[in-house]
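Letter by letter, the chains look like this.
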Amino acid sequence: MKIAGIFRGFPGLGRVVSGVELITHFKDHFNADIQVYSYLQGEKYLNQKGFTTNHSVSEHDFSSIGIIPVSAYGEYIFNQIEDFNPDIVIIDGEPLILQSLRVVYPNLKIVALLNPFDVHNPYNQSSSSLIFNDMYSKANLAIVHGFWKLEKPYKYNEFLSINTIIRKEVLSINPTFSKNKICCILGGGTVNSKIEFQDKSIAIAYKCVQLADVFRDFEIHIFCSNKQIYNEVIKNKKQSNTFIHANIEDCNEYYSDSKLIIARAGRNTISEVLYLGIPTIVIPTGCKFRSKEQKTNAEIIEKISSNKIININEDIDINELINQCKMMLKIENQISAIWVPGNDQAIELILKLYNLAINETK
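Note that the structure is a prediction, hence the values are computed from the model and not measured.

What is the right way to read the overall build of the protein from this model?
Check the secondary structure of the protein and you find 14 helices and 14 strands. In summary, the protein has a C-alpha radius of gyration of 20 Å against a globular reference of 21 Å for 362 residues, a match within 12%. Each of the three principal axes of the protein carries a C-alpha extent, and together these read 65 × 40 × 40 Å. The buried share among the 362 residues of the protein stands at 57%.

Here it is, written out as structure tokens:
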């Protein structure tokens with residue numbers, strides 16, 4: 001089995017984490033030969049997971065919607081695909097590459113990993129939605145994973161709408177809730193993002209720094225996953241019970257023993273806390289389009305989390321945030337399996353496509 005993965009590397013890790021989880025599964029359980037491509041934050045995450053990348057990526061190689069197929073990096077990927085001749089290519093967040101691979105290699109088996117908002121985004125310009133869906137529909141299999149289910153659009157081939165695919169590291173965690181610890185997770189979504197999004201992330205971090213003044217018997221951890229954000233936040237550290245983290249950290253650092261999580265309303269993070277049953281305050285934030293997606297995430301998650309996850313406005317007053325934290329810390333800390341991730345369903349469908357590819361070559 002040979003699988004190639006091509007994952008969008010910015011502005012956050014939402015387009016990398018689930019794809020890496022899938023290819024790692026096939027590597028570990030099926031001895032698959034793997035090639036994987038990403039850039040910026042995505043490249044850092046791949047390196048952290050033991051994958052090496054052998055090509056430097058410049059700002060001329062990608063646009064706001066991913067890798068440019070006729071760029072130096074795009075052409076490098078095409079040459080690698082030609083030499084590797086994979087059974088399957090898994091693509092997340094790279095519509096231009098997906099469309100171009102279909103043109104160049106019409107018989108290649110392609111899996112598109114999609115966010116529900118990729119397929120149906122009522123806030124996007126209608127022409128953009130039509131163009132994106134046309135590109136994504138070129139895949140043999142589209143796996144849409146998130147919090148709500150979508151019907152198959154008429155253009156698509158095989159189409160599966162499932163719960164979010166989450167990391168095996170998260171699947172193996174048994175939260176103990178044993179430490180007086182509040183963690184703020186900003187995620188990796190500030191790389192190559194708009195200044196507005198970075199400023200709002202910093203504002204959330206500032207408020208979490210202030211929590212240390214009130215919750216003196218708690219450790220307050222802020223995971224920036226971004227050096228620039230870290231440099232701003234560290235300036236405001238005043239209390240010794242505040243810990244600021246610059247780099248992408250192992251998820252055990254914030255999930256294994258925390259009593260409360262504060263996070264942006266990104267699909268991956270809130271899927272993880274939903275699965276683990278950790279009391280969480282989510283803060284929808286972002287620029288024009290991303291904030292609407294995060295607000296939708298937050299509204300849906302609040303309904304299905306049995307009151308363990310609440311969402312608050314990004315402009316919340318610090319005193320109100322303190323009150324919300326106190327309320328959430330009173331929630332009984334116990335794991336409750338109320339939500340099952342979509343990992344097994346995704347793996348089953350990819351294996352079905354792989355078997356089809358093998359049979360066609362016989």
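How should I be thinking about the sheet that holds strand β7 (residues 141-146) in this particular structure?
To summarise the sheet geometry, strands pair through backbone hydrogen bonds and adopt either a parallel or an antiparallel arrangement. Taken in spatial order, the six strands of this open sheet run β2-β1-β5-β6-β7-β8, and their pairing is parallel. Edge strands, defined here as strands with exactly one partner in the open sheet, are β2 (33-37) and β8 (158-163). The average undirected angle you get between the axes of adjacent strands in this sheet is 15°. The pairing of strand β1 (residues 2-7) with strand β5 (residues 88-92) spans five bridges and is classified as parallel. Counterpart to Phe7 in the pairing with β5 is Asp92.

For this particular structure, what's the right way to read the packing of aromatic side chains?
For any pair of aromatic rings, the description consists of the separation of the ring centres together with the inter-plane angle of the planes. Tallied over the full model, the rule gives 14 aromatic pairs. Seen from their ring centres, Phe223 and Tyr254 are 5.0 Å apart, and the 65° between their planes marks the pair as edge-to-face. Taken as a pair, Phe223 in strand β10 (residues 219-223) and Tyr254 in helix α10 (residues 252-255) lie far apart in primary sequence, 31 residues in all. An aromatic cluster is built from Phe10, Tyr37, Tyr39, Phe62, Tyr73 and Tyr76, whose rings are joined through pairwise contacts. Directly above the aromatic system of Phe10 lies the positively charged group of Arg8, at a separation of 4.3 Å from the ring centroid. When the ring centre of Phe243 is taken as origin, the NZ or CZ atom of Lys237, which lies over that ring, is 6.0 Å away.

Before we go on, may I ask you to explain helix α11 (residues 267-276) in this structure?
Residues spaced three or four apart along an α-helix point in a common direction, a consequence of the helix completing one turn every 3.6 residues. Within α11, nine of the 10 residues are buried, leaving the element largely enclosed by the surrounding structure. Of all the positions in α11, only Arg267, Asn268, Thr269, Ile270, Ser271, Glu272, Val273, Leu274 and Leu276 are classed as buried. Among the residues trailing α11, Gly277 stands out with phi positive, at a value near 75°.

Can you walk me through the sheet that holds strand β9 (residues 181-185) in this structure?
Pairing is parallel in the open sheet, where six strands are placed in the order β11-β10-β9-β12-β13-β14. At either margin of the open sheet sits one strand with a lone partner, and together these are β11 (242-245) and β14 (309-311). In this sheet, adjacent strand axes meet at a mean angle of 15° when their direction is disregarded. Of the strand pairs in this sheet, β10 and β11 are connected by four bridges, and their pairing is parallel. Across the sheet, Phe223 pairs through a bridge with His245, a residue of β11. Sheet contacts for helix α13 (residues 318-329): β9, β12 (260-264), β13 (280-283) and β14; angle to β13, the most-contacted strand, approximately 145°.

I keep staring at the pairing of β5 and nothing clicks. Help me out?
Every regular strand shows the same layout, with side chains that alternate between the two sheet faces. In terms of burial, β5 is largely enclosed, as five of its five residues are buried. In β5, alternate side chains face the same way, and those of Ile88, Ile90 and Asp92 on one face and Val89 and Ile91 on the other are all buried. Of the strand pairs in this sheet, β5 and strand β6 (residues 110-114) are connected by four bridges, and their pairing is parallel. Looking across to β6, one finds that Val89 is bridged to Ile110. Between the parallel pair β5 and β6, the chain is carried across by helix α4 (residues 95-104), and the sense of this crossover is right-handed.

So what exactly am I meant to see when it comes to the side chain of Ser100 here?
Assignment of secondary structure puts Ser100 in helix α4. Side-chain polar atoms of Ser100 contact the backbone oxygen of Leu96, separated by 2.8 Å. Apart from the residues within four sequence positions on either side, Ser100 is in contact with Pro69 and Phe78.

What am I meant to see in the pairing of β2 here?
Of all five residues in β2, four are buried; the element is thus mostly enclosed. As paired strands, β1 and β2 are joined by five bridges and run parallel to one another. Note that in β2 the partner of Ile6 across the bridge is Tyr37. Of the crossover connections in this fold, the one passing from β1 over helix α1 (residues 17-30) to the parallel β2 is right-handed.

Explain the pattern of salt bridges here, please?
Two side chains bearing opposite charge may form a pair once their charged atoms approach each other closely. A complete count under the given rule lists 10 salt bridges for this structure. Salt-bridge contacts for Arg15 lead to Asp118; the nearest nitrogen and oxygen are separated by 2.7 Å. Here the residue Arg15 occupies a position in the loop between β1 and α1, and Asp118 occupies one in helix α5 (residues 116-119), the gap between them amounting to 103 residues. For the residue pair Arg15 and Asp118, the accessibility class agrees, reading buried in each case. For Lys168, the salt bridge identified is with Asp28, shortest N-O distance 2.9 Å. Note that Lys168 is positioned in helix α7 (residues 168-171) and Asp28 in helix α1, a separation of 140 residues in sequence. For Asp28, a relative accessible area of 44% translates into the label partly exposed.

Sorry if this is basic, but what is going on with the state of the cysteines here?
Two cysteines whose sulfur atoms are joined by a covalent bond form what is called a disulfide. In the structure shown here, the tally under the stated rule is zero disulfides. Here Cys224 is not disulfide-linked; the sulfur of Cys184 is the nearest cysteine sulfur, at 7.8 Å.

About the cut-offs
Residues numbered from 1 in each chain as written. Predicted model: local features only at pLDDT ≥ 70, side-chain atom pairs only at ≥ 80, totals over all residues. Heavy atoms only, no water. Helix = DSSP H or I, 4+ residues; strand = E, 2+ residues; numbered from the N terminus. Rg over C-alpha atoms; globule rule 2.2 N^0.38 Å. Buried < 20%, exposed > 50% of the residue type's maximum accessible area, 1.4 Å probe, protein only. Pairing = 2+ DSSP bridges. Axes fitted to C-alpha atoms, helices over the stretch in contact; angles between N-to-C directions. Phe/Tyr/Trp six-rings, centres within 6.5 Å; stacked < 30°, edge-to-face > 60°. Lys NZ or Arg CZ within 6 Å of the ring centre and 35° of its normal. Contact = heavy atoms within 4.5 Å. Right-handed = clockwise from strand over helix to strand, strands pointing away. Polar contact = N/O pair within 3.5 Å; in protein donor to acceptor, adjacent residues only side chain to side chain. Salt bridge = Lys/Arg side-chain N within 4 Å of Asp/Glu carboxyl O. Disulfide = S-S within 2.5 Å.

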